[in-house]
Amino acid sequence: MDLMKITKPLLAWYKENARELPWREDKDPYKIWISEVMLQQTRIEAVKQYYTRFMEELPTVSDLATIEEERLLKLWEGLGYYSRAKNLKKAAEKVMKEYCGTMPGSYVELLSLPGIGEYTAGAIASIAYDERVPAVDGNVLRVVARVKGSRENVLLPEVKKQVTKELSEIMPEEAGDFNQALMELGETVCLPNGIPVCEKCPLKEFCIARKEGITAEIPIREKKTERRKEERNVFLIRCGEEIAIRKRPEKGLLANLYEFPNFEKKEQSVEDGLAEWGFSVKQIKEKREYKHIFSHVEWKMSVYEVEVEEKNAEFLWARREELLEKYPIASAFAPIVAQL
Ligand code: SF4
C-alpha cells in the first residue's frame, strides 16, 4: 500500500471536517503548545474549558514563565500529571531567557525545551510553521496501521520510528493540516477498539484493514512485560480461633497492607520456615496453588493450612471477623480470605 495515496483525500476531508477548536483560531505556537500538552491526558471536550481558563490568566509565554508555581498547579487542577505543568513553566522560562520570549521557530529547537518530546515538537512546528515534520501519536499510529493492514506492534519504538519515517517521506507542504487531519481522523472516524466508522472515511478505498475485515484486530498493541516470577509458600496459620497475619513494610510492594505469613520457596522449606517461627505444628495441609500478577512481579503461591499449639509474638493474631473487618489484607491474598 503506497501511503502517498492518502495525502490528497485526507487534506480534502480535513478542509470539510476540521472541528472548530479555540486553539485553532490562529497559528500561535504558544497556544498550540499548551493545547497539545493538555490533550495528552484529557479528552478534547474537557480540555476546552481548562484551555480557556488557562489562556485567560496566562495569555503569553512571559505570563507562564513568571506565574507562581502554586497558582499554576491550581490552574492545572483536574488535568493531573502535575509534572507537565511544571515543565511548561520551565520551558517558558527558557524561552524568555534564550529566545527573548518568542517561541522557537523550528522542530529541533522546540525539542530542546523541557517537557517537549518528538510528538509535541512535531505538532507545534507543523501546525504553527508548516514545517514538514510528522507528529505521531496513538491516533496516527492506529490510522496508519489500519490503512496499511500492518500487524506490527505499534507500542514498539522501532515501529513508531518507521511510521514517522514513512510519514516524513510523504509529508505535503500543508504539513500542519496533514498532521491534524490524521489525528482528527483517528479521533472522530478511525476510532479505537474495533469500531471505526469506515463508511465516513476518506481513506476507505485504500484501507487494507477495511478490505480484509480486520479493523477489530489492528492495531496490535502488545505490552512487553517481563515480570519477575516468584514462587512463594503462604500460610494460613490457626491457633484455636485465631489466625496469624502481619503488616507489610512501609515502603515497596503492598506497603502497609496486611498479609498472611509467607516466604519465597527458594529461601527455605515449609518445615524449616515453620520451625524458624517457633511453631509446634499440630496439623498441616497443602490446600491449593494460585497466582497473583503485579505489574513487575508474578507470585505463584502454594497455600498451606497449618494448626499450631501456641501463638508466637512475631505475628498479629486475629479472629476471622476481626480480620475481615479491621485489617486491610492485600488483594494478592483474596483467594485465602474468601475461604476463611
Ligand atoms: S477505512 Fe476504516 S479502518 Fe480504514 S482508515 Fe478509514 S476508518 Fe480506519
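Residues numbered from 1 in each chain as written. Predicted model: local features only at pLDDT ≥ 70, side-chain atom pairs only at ≥ 80, totals over all residues.

(A) Layout of the overall build of the chain. Secondary structure summary: the chain contains 15 helices and seven strands in total. Taken over the C-alpha trace, the chain has a radius of gyration of 28 Å; the compact-globule value for 340 residues is 20 Å, which it surpasses by more than 25%. Based on the C-alpha atoms only, the size of the chain along its principal axes is roughly 80 × 55 × 30 Å. Counting across all 340 residues of the chain, residues that qualify as buried make up 32%. The long-range share in the chain, meaning contacts at least 24 apart out of those at least 6 apart in sequence, stands at 69%. (Helix = DSSP H or I, 4+ residues; strand = E, 2+ residues; numbered from the N terminus. Rg over C-alpha atoms; globule rule 2.2 N^0.38 Å. Buried ≥ 20, exposed ≤ 12 C-beta atoms within 10 Å, placed from the backbone. Contact = placed C-beta atoms within 7 Å.)

(B) Representation of the environment of Ile-34 within the structure. Considering the arrangement of structural elements, one finds Ile-34 in helix α2 (residues 29-39). Separated by 141 residues in sequence, Ile-34 and Ala-175 place their C-alpha atoms 19 Å apart. Those residues in contact with Ile-34 that sit more than four places away from it in its chain are Tyr-51 and Phe-54.

(C) Quick look at α2. The buried fraction of α2 amounts to 11 of the 11 residues, a majority that puts the element mostly inside the structure. Of all the positions in α2, only Pro-29, Tyr-30, Lys-31, Ile-32, Trp-33, Ile-34, Ser-35, Glu-36, Val-37, Met-38 and Leu-39 are classed as buried. Along its buried surface, α2 packs onto α3 (44-57), α4 (61-66), α6 (82-98) and α8 (118-129).

(D) Quick peek at the site of the ligand. In the region of the ligand, 14 residues are neighbours, and Cys-190, Pro-196, Cys-198, Cys-201 and Cys-207 sit closest. Only α9 (138-148) and α12 (208-211) provide two or more residues apiece to the shell around the ligand. Ranked by residues supplied to the shell around the ligand, first place goes to α9 with three residues. Class assignment of the residues belonging to the shell around the ligand gives a composition of 10 nonpolar, one polar and three charged. (Near = placed C-beta within 6 Å. Nonpolar A, V, L, I, M, F, W, Y, C, P; charged D, E, K, R; others polar.)

(E) Broad picture of the packing of α2 against α8. Orientation of α2 relative to α8, taken along the N-to-C sense of each, is 145°, at an axis distance of 9 Å. Here α2 runs over α8; the crossing is right-handed. Mapping the contact onto sequence places Pro-29, Ile-32, Trp-33, Glu-36 and Val-37 in α2 and Thr-120, Ala-123, Ile-124, Ile-127 and Ala-128 in α8. A breakdown of the residues in the contact of α2 with α8 according to their chemical character gives eight nonpolar, one polar and one charged. (Axes fitted to C-alpha atoms, helices over the stretch in contact; angles between N-to-C directions. Left-handed = near helix turned anticlockwise from the far one by under 90°.)

(F) Molecular detail of the nonpolar core. By size, the foremost hydrophobic cluster in this structure holds 60 residues, and its most contacted members are Leu-10, Ile-124 and Leu-182. The contact partners of Leu-182, leaving out residues within four places of it in the chain, are Leu-10, Val-140 and Val-143. Counting residues in hydrophobic clusters, the runner-up holds 19 residues, among them Ile-237, Phe-279, Trp-299 and Ile-336. (Core = buried A, V, L, I, M, F, W, Y, C linked by C-beta atoms within 7 Å.)

(G) Summary view of the confidence of the model for the chain. Residues at a pLDDT of 70 or more form 99% of the chain, whose mean pLDDT is 93. Confidence, expressed as mean pLDDT per element, reaches its minimum in the chain at helix α5 (residues 69-76) with 89 and its maximum at α4 with 98. (pLDDT = per-residue confidence, 0-100.)

(H) Summary view of unusual backbone geometry. Omega for the bond connecting Ile-218 with Pro-219 falls within 30 degrees of zero, at 5°, which places this linkage in the cis form. Summarising the element assignment, Pro-219 is placed in the loop between α12 and β1 (228-239). The phi angle at Asp-130 is positive, at roughly 55°, despite the residue not being glycine. Positionally, Asp-130 belongs in the loop between α8 and α9. With 18 C-beta atoms counted inside 10 Å, the residue Asp-130 sits in the partly exposed group. Not every positive phi belongs to a glycine, and Asn-256 is a case in point at roughly 65°. Along the polypeptide, Asn-256 turns up in the loop between β2 (242-247) and β3 (258-259). Taking the number of C-beta atoms within 10 Å as the measure of exposure, Asn-256 has 12 and is therefore exposed.

(I) Representation of the pairing of strand β5 (residues 281-293). Of all 13 residues that make up β5, zero are buried, and the element is exposed over most of its length. Sheet analysis places β5 next to strand β6 (residues 297-308), joined by 11 bridges and oriented antiparallel. Paired with Lys-291 across the two strands is Lys-300, which belongs to β6. From the end of β5 to the start of β6, which pair antiparallel, there are three residues. (Pairing = 2+ DSSP bridges.)

(J) Up close: the packing of α5 against α6. Contact pair α5 / α6: the axes reach a minimum separation of 10 Å and the direction vectors enclose 130°. Classified by the angle between their axes, α5 and α6 sit oblique to one another. Regarding α5 and α6, the two cross each other, and that crossing is right-handed. Here α5 contributes Glu-69, Leu-72, Leu-73 and Trp-76 to the contact with α6, which in turn contributes Tyr-82, Ala-85, Lys-86 and Lys-89. A class-by-class count of the residues in the contact of α5 with α6 yields five nonpolar, no polar and three charged. (Parallel < 35°, antiparallel > 145°, perpendicular 65-115°, else oblique.)

(K) Spatial organisation of the environment of Thr-66. Mapped onto the elements of the fold, Thr-66 is located in helix α4. By C-beta crowding, Thr-66 is classed as partly exposed, having 13 other C-beta atoms within 10 Å. Along the sequence, Thr-66 and Lys-90 sit 24 residues apart, while their C-alpha atoms lie 10.0 Å from each other.

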